[in-house]
Each structure stands twice: as C-alpha cells, then as structure tokens.
Amino acid sequence: MTIEKPKMDEGLRNELQKQGVFTTTLEGIYNWGRQNSVWPLQFGLACCAIEMIAASMARYDLARFGAEVFRPSPRQADLMIVAGTVTKKMAPQVVRLYNQMPEPKYVIAMGACAISGGPFKQGYNVLKGIDRYIPVDVHIPGCPPRPEALLHAFMTLQKKIENQPLTGANRPRHLQADAPSEFPVPKFGVHDLEPPSNPTVWQSPKMVRA
Amino acid sequence: METLEQIKSRITHALPGARIEIIPNDSPAGQRSLLVDADHGAAIAQFLRDDPELRLDYCSNATGVDWPEAVVKTKIKKQVIVEGVEKEIEETLETLRSGCLETVYHLYSMAKKHGPVILRLRTENRSDKNHLPSLTPVWRSCEFQEREIFDLYGIVFDGHPDLRRILMWEGFVDHPMRKDYVGPDDYDYEPTPHDDVLEKTKQHQAAEVKA
Amino acid sequence: MPGEYNPYLFIVVMVVAAIAFAFAPLLLAWLWARKFSPQKPGPDKNATYECGLESKGDAWIHFKSEYYLYGIIFLIFDVETIFLLPFAVAFTGLGAGAFIALVVFLLLLVWGLAWAWMKGVLTWR
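First things first, this report covers the structure right here in the doc. (Residues numbered from 1 in each chain as written. Chains lettered and ligands numbered in written order. Predicted model: local features only at pLDDT ≥ 70, side-chain atom pairs only at ≥ 80, totals over all residues. Heavy atoms only, no water.)

**So, the sheet that holds strand β2 (residues 33-36) of chain B**
Residues and elements named next belong to chain B. Taken together, five strands build an open sheet; the order of strands is β1-β2-β7-β6-β3 and the sheet is mixed. Looking at the sheet topology across the chains shown, the edges are occupied by β1 (20-23) and β3 (58-67). Each neighbouring strand pair of the sheet contributes to a mean axis angle of 25°, computed without reference to strand direction. Of the strand pairs in this sheet, β1 and β2 are connected by four bridges, and their pairing is antiparallel. Pairing of I20 across the sheet is with V36, part of β2. Across the sheet, helix α1 (residues 4-14) is in contact with β1, β2 and β7 (114-122); its angle to β1 comes to roughly 170°. Its contacts with the sheet place helix α3 (residues 142-153) against β3 and β6 (100-109), and it is angled at close to 10° to β3. (Pairing = 2+ DSSP bridges. Helix = DSSP H or I, 4+ residues; strand = E, 2+ residues; numbered from the N terminus. Axes fitted to C-alpha atoms, helices over the stretch in contact; angles between N-to-C directions. Contact = heavy atoms within 4.5 Å.)

**Some details on the interface of chain A and chain C**
Counting residues at the interface gives 26 residues for chain A and 17 residues for chain C. Together chain A and chain C conceal approximately 1,700 Å² of surface at their shared face, both sides included; 53% is due to carbon and sulfur atoms. Considering only the surface of chain A that becomes buried against chain C, A:R75, A:R96 and A:E182 emerge as the three largest contributors, covering 32% of it. Linking chain A with chain C are two salt bridges, by the criterion used here. One salt bridge in this structure joins C:E50 and A:R75, with 3.0 Å as the shortest N-O distance. Connecting chain A to chain C are 15 residue pairs in polar contact (both at pLDDT 80 or more). Of all the elements in the fold, those that place two or more residues in the side of chain A that touches chain C are α2 (26-35) and α4 (91-100) of chain A. The dominant element in the side of chain A that touches chain C, judged by the number of residues it contributes, is α4(A), at five residues. Its residues assigned to classes, the side of chain A that touches chain C comprises twelve nonpolar, eight polar and six charged. (Buried area = accessible area lost by both parts, 1.4 Å probe. Salt bridge = Lys/Arg side-chain N within 4 Å of Asp/Glu carboxyl O. Polar contact = N/O pair within 3.5 Å; in protein donor to acceptor, adjacent residues only side chain to side chain. Nonpolar A, V, L, I, M, F, W, Y, C, P; charged D, E, K, R; others polar.)

**Regarding the pairing of β7(B)**
Residue and element names in this part refer to chain B. As judged from the three bridges shared by β2 and β7, these two strands associate in the parallel manner. For L34, the partnering residue across the bridge sits in β7 and is L119. The antiparallel hairpin formed by β6 and β7 contains four residues in its connecting segment, where K113 sits at a positive phi of about 55°.

**Some remarks on the nonpolar core**
Of all hydrophobic cores here, the largest spans 37 residues; its most connected members are B:I7, B:L34, B:L48, B:Y105, B:L107, B:L119 and B:W139. Going through the elements one at a time, α1, β2, α2 (41-50), β3, β6, β7 and α3 of chain B are the ones with two or more residues in this core. The element that contributes the greatest number of residues to this core is α3(B), accounting for five residues. In this structure, B:L34 is in contact with B:L4, B:I7, B:K8, B:I20, B:E21, B:I22, B:V117, B:I118, B:L119 and B:R120, ignoring residues within four places of it in sequence. Core analysis: the next-biggest nonpolar cluster, separate from the first, contains 24 residues, A:A67, A:I108, A:M110 and A:V138 among them. (Core = buried A, V, L, I, M, F, W, Y, C linked by side-chain atoms within 4.5 Å. Buried < 20%, exposed > 50% of the residue type's maximum accessible area, 1.4 Å probe, protein only.)

**With respect to unusual backbone geometry**
With an omega of -5°, the peptide bond between A:E103 and A:P104 qualifies as cis. The linkage connecting A:E194 with the following residue, A:P195, adopts the cis geometry, with an omega of -5°. Backbone geometry at A:Q122 places phi at a positive 65°, although glycine is not the residue there. Considering the arrangement of structural elements, one finds A:Q122 in the loop between α5 (111-116) and β3 (138-140). Given a relative accessible area of 23%, A:Q122 falls into the partly exposed group. Even without a glycine there, the phi angle at B:K113 is positive, about 55°. Along the chain, the position of B:K113 falls in the loop between β6 and β7.

**Details of the environment of B:E170**
All names here are of chain B. Examined against the element boundaries, E170 turns out to sit in the loop between β9 (156-158) and α4 (195-210). Judged by its relative accessible area of 56%, E170 falls in the exposed class. For the pair E170 and Y153, spaced 17 residues apart in sequence, the C-alpha separation works out to 15 Å. Not counting residues up to four positions away in its chain, the partners in contact with E170 are R164 and R165.

**As for the pattern of salt bridges**
All names here are of chain A. Per the stated rule, a full pass over the model turns up 21 salt bridges over all chains. Measuring nitrogen to oxygen at the nearest pair gives 3.4 Å for the salt bridge that ties D192 to K88. Of this pair, D192 sits in the loop between β4 (187-188) and β5 (193-194) while K88 sits in the loop between β1 (79-83) and α4, and the two are 104 residues apart along the sequence. Relative accessible area serves as the criterion here: at 14%, D192 is assigned to the buried category.

Spelled out as structure tokens, the structure:
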C-alpha cells in the first residue's frame, strides 16, 4: 500500500516559476543537497583503485558530481567505494571502516573482485564479494571498470538518493531508529572468516532446478 | 659466467662433504639448477655470494615447490629380438617418488652482471622433517619471501630473523599452496559454465540437506 | 523613547544577527536530527582509532624524557632559521658588526648543541 503524498499542482508550480518563485518540498531539497555532496572514503584495495583515482582526476572529473572530496577519515565520509580485491585478511578492516562511517552511508562495490571475488573466487585468501558483510547499493562489473563505469555508478547512486522518501514505512535505513547502523565484523577462523557471510545482508542464491 | 659443472666442482672443492646435484631441465628454457643438500645450504650460499669469480650478490626471487608423493612413469625404449627380428618396444617404468618440499632461489650478480644461478634446497619429507636453513642472513631480500614460503608451504627456515605468517592471518591452519590443501567447503550456487564448480556446489548442497 | 537614534544600535543588531547566523544552522541541524535521523552509536563507531584496525593496548603510556630534550633542541634550530633567513637576504648590505653579532648568536647555539651531544642526549636509547 502506498500513500499518495499531497503534491503541488504542476501548473501552479510552473506559473510561479515564471514569476521567479521556486517551490520545492523538504524531502526534495534534502535529497538534492545530499545527492550533490557525496563524499567518498579515500581508500583503495587493488588495481580498481587506479581507475577510481583516474575518475577523480581532471579528465573524468568526479568533481562534477560533488564527490571530489575524498575524505581520509570514515567520520566524514558518506560513500565507501570498495575498489579492488577484498582479501579475507582485509575484510574485517573494511567492515569496521564501514561501521565507523556516520549515517547516511552508501557503498559502491567496484570491480569483479569486490562484487563476487572475480578471478580469485574460491581462492583460499579472497572474500567472495563485500556484499556478504555490508549492504551494497551499486555493483559495478568489470576488471577493472573504466572511469566512465564509476561515473555511471555514481549517477545511479544519485538517482537512488533522490528517490529516498523522508517519511513513511519505506524510508531508508538511516531514518529508521531500529535499523542497524553497524554490521558485525567477521573474525578470523581456521580456514575462512567466521561467519562466512552476514545472513541479514546476504543470502546464497538458490539453485533453480529446471 | 662459469658453467654449472664448473661451479659444482669448485663448491665441492671448497666445501668438502657438500652434496650437489645438477637438475636437468627438458623444457625449451633449458635452465638447469643446482640441488644442494640442506646441511651445507647456508655455507654454499655464503660461498656463492663471496666467491670473487661469481659474486652472486642479489637474490631476485625465492619460491617454494610442493612435491607430493607420486608414481612417476618413465617410458624406456628397448631393443628386443622377437622371432629372430629386432624390434623396438616401449616399456613404462613406474617408480614411487617420495614427497618433499623445495625452495628455489634465483641468484644474480649485480657486480659481475651475470646470472641467474638457480639454487634448490629440499626437505626430507613433507610432514615432520620440513626444516631448511634460512638464506636471509646471506641475502637480506629473502626475508619476506621466505616468510611467504613458510606461510604457504610450511617450510620452517632455521635462522630466519622473523618467521611469521605474512599473507594469511595468525591462527590460520594448514598451508594453502600445498597440493593436498582442502579449502573450506563454501560453494554457493551460481550460474557458471564451469562444471567442476557446479559439481562442488551440488556436493555442498547435498551435505547441507543431510545436516 | 520612540524616535531616539542610538548610534550603537547598529552594533547590537549586527551582533545579534551574527550570533543568529552562526547558531541557526546548528539549531536547525539539531531539530532535524531530533525529528528525522535517529542517533545510532555503537562500539565500532565510538572507537577512537579510524584505520579499520582494532586498537591494542593503552594510549596512556610513559614517554621517554629524552624525547622532549631532543624536541627542544630541534625546535631551537628550527626557530634559528627564522633569524637566518632575513640575515641571508640582507647579507650584502650588512656591516661587520652585524655579521659578528650573528656568528656569536650561532656559535652560542652550536655550543649548546655540542654540550647536549657530549651529555649523550642525541643517542636514542
């Protein structure tokens, strides 16, 4: 069931705009502000980070999207770009950094390794995708993805932020008091991380028997 | 640079009692190597570094090899006289090769600009007698690589200044680059063209159903 | 008294406006947080160290007193360069007296360094 929000009449709005009066909603201006100042956390894990750096430089110019300020501290970051191979040894650190970011926070998993383990899947030392431990908003395939792909992921994330409702039952996690902000950090086990995945975030895909 | 035979004879001359074997290489590279006994390993390494003719002052690479116990089949051609006619018959000989762990060092000389000389050391077996002398006191560049070999193959280097795991975490059990390493059974279903992955997924899920 | 003009009224208005300008966004943010976004503290988020690793041990450790002596000696020569730079710029226009005065100043500092060196402050134990 969706509750239709009272909206301003489009014609009246256009008429006012012609007179120089701009109207918006609180939700609209809130999301507009957030989507245009997404500050990523400054860290890279492998070769995808090189493409991320290229995306932030003059040629691809991530600054156009308000995301040029790569923060060296998780306290000031809104977005975590997991760029590269997440090894099992590194995964607890990545999750802990994610936990230390303030809400609202978003995650882009960049590259084949970050989304699934990529060429190292089922290797003894590589995590099979960071989405096993933290909720990922945008996945980018590619090995490594080109900077344009990262820009596209960024625009996808901006669209997602734009459409997040401020009130109502389906408002995003950071506006709900009982939704968790921290996710359990995996421990080092005998052969693998324990637990191997966070079931509240990720479930194994089911085999479809034809 | 001297040939391996010359180097071998000079080492045996300088260090009596050292057992050295030249390992042939059939591949197109044809890079032969010196197999050195573990007891004299450090002394031979010292000799190779300090000898004025060789001056192998740079160890560019140290790596490990796992040789599990295996049946080696070798084909031998024989001349057999059958019914008065000489015939050529191929016979396969099966020999049991005992397992061992091996380290390989690639040595170069920066001063003399030659190399590589490849040095091999083998442990007695793969389980309890897995000690080898560390060559880190001779070539400092071996330190992290020997740690990596220790981590991934389980060769214990005597005389290494800081022998800890380097890639895997403390508390990890087994050595993942050994051929008989069994990884965790965590095959999830995925649409993949790799049959062995699908097979392992089926086994994994069957085990889950039983449990 | 209506109509009376006080020249300091401007300043009062400016001060009030400045304070409001500074505090209104904070107040709005606080109200926003109260209304919409709930606080979610946690053990990881409240941790001091921000490098992803768990901090080990205690940060309140004794520091060697040699470090401070070392630091002070460094600071003296650091500040000395501030004197040396204008001296070097104006070097050609200066007389012999200024040169001697600065050399004496330098030698005094070097003497101090030599004394500290002999006392063994520079060796890190």
